[in-house]
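The chain contents come next:
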Amino acid sequence: MVPVIGSGKYVTMAVVQENGNPIDESSVENQGWIVKNVVTDERVLQWMLSLHQIGLDVARTDRYLCFYENDRNQSKLWDVLAIYTWLNLDIGYVQGMNDICSPMIILFDDEADAFWCFERAMRRLRENFRATATSMGVQTQLGVLSQVIKTVDPRLHQHLEDLDGGEYLFAIRMLMVLFRREFSFLDALYLWELMWAMEYNPTMFATYEELENRNNAASDPKLLKRYGKFERKYINSGQNEQHRNTLAVFVVASVLQTKNKRLLKEAKGLDDVVQILGDIAGNLDAKKACKEALKIHEKFLKKANSNKQ
């Protein structure tokens, strides 16, 4: 269907118009490939309309890494994202998926292995990228983040509320691409491995999609031992109901805590909040952030449980 896939090249210019008509002048930018006929299949058209956006993002992905100085490596990233988009048109391609996929391309020589690793990771993360006219994928996590900061640092939460930042929209990027911009490349991978290990749930990871009830684990000590430390704390605290309080939310909280003084003193508006948080890009220590996140998590659980009693 698309001869560019697997060719070592990739698309950076739109190949069709929204009505399905070909764009002839795209040939030079797209390695000589053009769509010759009007595209009438809605599914194919939806996919083709996303190909050049994937290419534009690929060209910007991890440009500071010498790995991507090789055009063939960039094309592998484009291939994987293009194929994933074709197979998941209900979500399609969303900017940020390239940041999640890039480490897979770097770690796996075989493109098929990289694809399946990315596909499995996205089964866990795909809802972060789902958006409608009235909601966004990470909205639930932002709501939890608001509750966490309100509980463990009410002064900071009130300050952000006063700045009309109580919805914590400035944290969207951190949650969507799992801190790829806030931490160095290696620290981000360390963070991913640690978070996913601590969140391990043998029932949830059987499907990667549906959260299962924790009651079975609470009554089965052997099964409980198989859970990650983060999940076990929820079960041991009596919170067996389904939850989406991922460790990533508490890592965001730890990042906010590291900038607590500056936010309270210098932030006079949301632009200031964004700028202060933007200054941390690539300068955070993953191990310290995780330790602080776990402390905040424990503090949050204790306060939440005390409020119930």
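Our subject in this report is the structure included herewith. Here the residue numbering is sequential within each chain, running from 1 through the sequence in written order. Side-chain atom pairs in this predicted model are given and counted only at pLDDT of 80 or more, local residue features only at pLDDT of at least 70, and totals for whole chains, interfaces and linings cover all residues. Values shown for side chains rest on all heavy atoms present in the structure; no hydrogens or waters enter the calculation.

**Some points on helix α8 (residues 185-198)**
A run of H or I in DSSP counts as a helix once it spans at least four residues, and a run of E counts as a strand once it spans at least two, with each numbered from the N terminus. Expected helix span is given by 1.5 Å per residue-to-residue step, counting one fewer step than there are residues. End to end, α8 covers 20 Å across 14 residues, agreeing with the expected 20 Å (1.5 Å per residue, within 8%). Among all positions of α8, only F185, A188, L189, L191, W192, M195 and M198 are buried. The buried label applies to any residue whose accessible area, calculated with a 1.4 Å probe on protein chains only, is under 20% of its type's maximum; exposed applies above 50%, and partly exposed to all values in between.

**Some remarks on the nonpolar core**
Across soluble globular proteins, nonpolar side chains have a tendency to be buried as a group. Here, nonpolar core means buried Ala, Val, Leu, Ile, Met, Phe, Trp, Tyr and Cys residues that are tied together by side-chain atoms lying within 4.5 Å of each other. F118 and L256 are the most contacted members of the largest nonpolar core, which totals 87 residues. Broken down by element, this core gets its largest block of residues, nine residues, from helix α12 (residues 247-258).

**A word on unusual backbone geometry**
For D164, which is not a glycine, the phi torsion comes out positive at approximately 60 degrees. Here D164 shows up in the loop between α6 (154-162) and α7 (172-176).

**Quick notes on the packing of helix α3 (residues 97-107) against helix α4 (residues 111-125)**
One can describe the packing of α3 onto α4 by two numbers: an axis separation of 9 Å at closest approach and a directional angle of 140 degrees. The pairing of α3 with α4 is recorded here as oblique in orientation. Taken as a pair, α3 and α4 cross one another with a handedness that is right-handed. Listed contacts from α4 to M97, I100, C101, M104 and I105 of α3 are A114, C117, F118, A121, M122 and L125. The residue makeup of the contact of α3 with α4, split by class, is eleven nonpolar, no polar and no charged. For every element, the axis is a line fit to its C-alpha atoms; helices are fit only across the contacting stretch, and the angle between N-to-C directions ranges from 0 to 180 degrees. Relative orientations are named as follows: roughly parallel for angles under 35 degrees, roughly antiparallel for angles over 145 degrees, roughly perpendicular for angles from 65 to 115 degrees, and oblique for any other angle. Whether a crossing is left-handed or right-handed is set by the direction in which the near helix is turned from the far one by less than a right angle, anticlockwise for left-handed and clockwise for right-handed. Here, two residues are considered to be in contact whenever any of their heavy atoms come within 4.5 Å of each other. For this scheme, ten residues count as nonpolar: Ala, Val, Leu, Ile, Met, Phe, Trp, Tyr, Cys and Pro. Four count as charged, namely Asp, Glu, Lys and Arg, and the remainder, Gly too, count as polar.

**Regarding the environment of K265**
Within the secondary structure, K265 sits in helix α13 (residues 260-266). Sequence spacing of K265 and H159 is 106 residues, and the spatial spacing of their C-alpha atoms is 9.9 Å.

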